[in-house]
Amino acid sequence: MMEQHQIKEVKLAPIRNGTVIDHIRCGQALNVMKILKVNESNIDSCISIGMHVASSKGAQWKDIIKIEDRELDSRSVDKIALIAPEATISIIRDYYVAEKYPVRLGEKVVGLARCSNPNCITNKGEPILTEFTVIRRNPVEIRCCYCDRILLNVSDNLL
Ligand SMILES: Nc1ncnc2c1ncn2[C@@H]1O[C@H](COP(=O)(O)OP(=O)(O)OP(=O)(O)O)[C@@H](O)[C@H]1O
Ligand SMILES: [Mg+2]
Ligand SMILES: [Zn+2]
């Protein structure tokens, strides 16, 4: 049991406006950063990343990312669900949590990842979207609907 006087969690610098991605599965923060496609030429604000910080709910450890002055598009959120299925997204406005929602993983994953089978029809230059069935939720396992190959390394195969 945690005692009352203990600090609840590691506090990164508060932000006025932006997005917090919390409860990221431990070890996935840098893969989430890859999904956000942040680089020196497209960002002009602060990002704080906490890795392997104590969590007060769910798993004992988590990663967390706070990005100033940025909101996420739904495609990025759907990709985050694949590698961090318990993550929550909070939109911060004027220092307060204006919106908060969990990432959501549907039954199918369409057009978000490539199949790792080089002989799969989706890797032959045909104009078709990849499609996977979710066969396990945490950690996520997905199976290609075209060739039945299970995608083992999701984060390296995100589109
Ligand atoms: N002004 C802010 N700047 C940076 N981060 C913030 C700010 N306000 C809230 N947060 C973060 O946004 C997330 C959601 O805030 P909330 O107050 O709902 O946290 P919580 O009660 O710890 O919720 P949870 O049960 O999801 O852990 C938390 O990670 C919190 O640290
Ligand atoms: Mg919390
Ligand atoms: Zn396939």
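Residues numbered from 1 in each chain as written. Chains lettered and ligands numbered in written order. Predicted model: local features only at pLDDT ≥ 70, side-chain atom pairs only at ≥ 80, totals over all residues. Heavy atoms only, no water.

*Asks:* Could you give an account of the pairing of strand β1 (residues 18-25), with specific residues and numbers?
*Replies:* The buried fraction of β1 is high, at seven of eight residues. Sheet topology places β1 next to strand β3 (residues 61-68); six bridges connect them, and they run antiparallel. Its bridge partner lying in β3, G18 is registered against E68. Here β1 pairs with strand β4 (residues 88-93) via five bridges, running antiparallel. From the neighbouring strand, T19 faces β4, where its bridge partner is I91. (Buried < 20%, exposed > 50% of the residue type's maximum accessible area, 1.4 Å probe, protein only. Helix = DSSP H or I, 4+ residues; strand = E, 2+ residues; numbered from the N terminus. Pairing = 2+ DSSP bridges.)

*Asks:* Tell me what's going on with the coordination of the zinc ion (ligand 3), and back it up with residues and numbers.
*Replies:* Protein-derived ligands of the zinc ion (ligand 3) are C115 (SG), C120 (SG), C144 (SG) and C147 (SG), with the metal-ligand distances lying across 2.3 to 2.4 Å. Bound by four donor atoms, the zinc ion (ligand 3) shows angles of 97 to 114 degrees at the metal and therefore tetrahedral coordination geometry. Take C147: its relative accessible area is 26%, and that puts it in the partly exposed class. (Donors = N, O, S within 2.8 Å, 3.2 Å for Na, K, Ca; no water. Tetrahedral: all angles 85-135°; square planar, octahedral: opposite > 155°, others 65-115°.)

*Asks:* Before we move on, could you go through the site of ligand 1 and cite the residues and values that matter?
*Replies:* Every one of the 15 residues lining ligand 1 counts as a neighbour, but I15, D22, H23, K66 and K100 are closest to it. Between ligand 1 and the protein, one listed contact pairs an oxygen atom with a side-chain N or O atom of K57 at 3.5 Å. Breaking the shell around ligand 1 down by element, the ones donating at least two residues are β1, β3, β4 and β5 (96-102). In terms of residue count, β1 provides more of the shell around ligand 1 than any other element does, three residues in total. (Near = heavy atom within 4 Å. Polar contact = N/O pair within 3.5 Å; in protein donor to acceptor, adjacent residues only side chain to side chain.)

*Asks:* Now, about the sheet that holds β1: what can you tell me, with residues and values included?
*Replies:* Judged by pairing direction, the sheet is antiparallel, and its five strands sit side by side in the order β2-β3-β1-β4-β5 without closing on themselves. Edge positions in the sheet fall to β2 (47-54) and β5, since each of these pairs with one other strand and no more. Across the sheet, the mean angle from the axis of one strand to that of its neighbour is 15 degrees, orientation sign disregarded. Pairing between β4 and β5: six bridges, direction antiparallel. Looking across to β5, one finds that T88 is bridged to P102. Strands β1, β2 and β3 of the sheet are contacted by helix α1 (residues 29-36), whose axis makes an angle of about 155 degrees with β2. (Axes fitted to C-alpha atoms, helices over the stretch in contact; angles between N-to-C directions. Contact = heavy atoms within 4.5 Å.)

*Asks:* Please provide a residue-by-residue account of α1, values included.
*Replies:* Burial analysis of α1 places six of its eight residues in the buried class, which makes it a mostly covered element. Among the residues of α1, A29, N31, V32, M33, I35 and L36 are the ones counted as buried. Structurally, α1 contributes buried residues whose contacts are with β1, β2, β3 and α2 (74-83). Directly beyond the C-terminal end of α1, a positive phi value near 50 degrees is found at K37.

*Asks:* With reference to specific residues and values, describe the nonpolar core.
*Replies:* Of all hydrophobic cores here, the largest spans 35 residues; its most connected members are I21, I80, L82 and I142. Those elements that place two or more of their residues in this core are β1, α1, β3, α2, β4, β7 (131-137) and β8 (140-144). Formed jointly, this core draws a minimum of three residues from each of two domains, domain 1 (18-102) and domain 2 (108-157). (Core = buried A, V, L, I, M, F, W, Y, C linked by side-chain atoms within 4.5 Å. Domains from an automatic or database assignment.)

*Asks:* Account for the sheet that holds β8, with residues named and values stated.
*Replies:* If you trace the four strands from one edge of the open sheet to the other, you get β6-β7-β8-β9, paired in antiparallel fashion. Of all strands in the sheet, those with a lone pairing partner are β6 (108-110) and β9 (150-151), marking the two edges. Relative to β7, β6 runs antiparallel, the two being bridged by three bridges. Bridge assignment links V109 to a residue of β7, and that residue is F132.

*Asks:* Can you break down a nonpolar patch on the surface residue by residue, with the values?
*Replies:* A surface patch of nonpolar side chains, about 280 Å² in accessible area, is lined by L30, I49 and M51. The class for L30 is exposed, based on a relative accessible area of 53%. (Patch = residues over 30% accessible without salt bridge, like charges linked within 9 Å, V, L, I, M, F, W, Y side chains within 5 Å. Areas by Shrake-Rupley, 256 points an atom, 1.4 Å probe, with all protein chains shown as cover. Salt bridge = Lys/Arg side-chain N within 4 Å of Asp/Glu carboxyl O.)

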